[in-house]
Amino acid sequence: MKPAILEFLFTAFCLIDGLAAFFSIFPLLGMLTNANGFMSAPNDVWYLAAIVSFPLALIVAGILRGTGYRLAGVIVAAIPAIPALFLAWRMFGG
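Just so we're clear, the structure is a prediction, and the values are computed from it rather than from any experiment.

What counts and what doesn't
Residues numbered from 1 in each chain as written. Predicted model: local features only at pLDDT ≥ 70, side-chain atom pairs only at ≥ 80, totals over all residues. Heavy atoms only, no water. Salt bridge = Lys/Arg side-chain N within 4 Å of Asp/Glu carboxyl O. Helix = DSSP H or I, 4+ residues; strand = E, 2+ residues; numbered from the N terminus. Buried < 20%, exposed > 50% of the residue type's maximum accessible area, 1.4 Å probe, protein only. Expected span 1.5 Å × (residues − 1). Contact = heavy atoms within 4.5 Å. Lys, Arg positive; Asp, Glu negative; His and termini not counted. Patch = residues over 30% accessible without salt bridge, like charges linked within 9 Å, V, L, I, M, F, W, Y side chains within 5 Å. Areas by Shrake-Rupley, 256 points an atom, 1.4 Å probe, with all protein chains shown as cover.

Draft legend 1. A look at the pattern of salt bridges. Across all of its chains, the model carries 2 salt bridges by this definition. Of the charged contacts, one joins Glu7 and Arg65 as a salt bridge, the two residues approaching to 2.7 Å between their closest N and O atoms. Highlighted residues: Glu7 in helix H1 (residues 2–23) and Arg65 in helix H3 (residues 44–66), separated in sequence by 58 residues. By relative accessible area, Glu7 is classed as partly exposed at 23%.

This is the structure in structure tokens:
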């Protein structure tokens, strides 16, 4: 039972991370083509860190799962996925 729950959570979090990584390309392109210059706003570093966290977490979680560390893979995949779910819930549902 426990491995099935870990597999479900891993798949769900990685799906969320993958979708967020895909959609985070667009703000990154906007930051790169900003007329004021890249990293010119005070919050650009935070936005860049958030944008980069999704693909990095997806890659690291996949590596951890592939080497046999299933629980660590779920935890790493959940790090950016849980705040993304919270923000989506606040924007669309709450």
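Now that the structure has been shown, we can carry on.
Draft legend 2. Inspection of the environment of Pro55 at higher detail. Considering the arrangement of structural elements, one finds Pro55 in helix H3. According to the relative accessible area criterion, Pro55 is partly exposed, its value standing at 32%. Measuring from C-alpha to C-alpha, the distance between Pro55 and Leu19 comes to 9.5 Å, with 36 residues separating the pair along the chain.

Draft legend 3. View of helix H4 (residues 70–92). An ideal rise of 1.5 Å per residue puts 33 Å on 23 residues; H4 measures up with 31 Å between its terminal C-alpha atoms. Taken together, the buried positions of H4 are occupied by Gly73, Val74, Val76, Ala77, Ala78, Pro80 and Ala81. Its buried side turned inward, H4 meets H1 and H3.

Draft legend 4. Main features of the side chain of Asp17. Within the fold, Asp17 resides in helix H1. Look at Asp17: it is buried, it has no salt bridge, and the nearest opposite charge is Arg65 at 12 Å. In this structure Asp17 touches Phe54, Ala57, Leu58, Ala77, Pro80 and Ala81, once residues within four positions along its chain are discounted.

Draft legend 5. Up close: the environment of Ile51. The residue Ile51 is located in helix H3 in this model. Taking C-alpha positions, Ile51 is 8.3 Å from Ala20, a pair spaced 31 residues apart along the chain.

Draft legend 6. Molecular detail of a nonpolar patch on the surface. A grouping of Leu15, Leu19, Phe22, Phe23, Ile25, Phe26 and Leu29 is seen on the molecular surface, where their side chains present a nonpolar patch of about 710 Å² in accessible area. Elements that contribute at least two residues to the nonpolar patch include exactly H1 and helix H2 (25–32). Among the elements that line the nonpolar patch, the one with the most residues is H1, at 4 residues. The topology assignment puts Leu29 in helix H2. Among the residues examined, Leu29 registers a relative accessible area of 45% and is labelled partly exposed.

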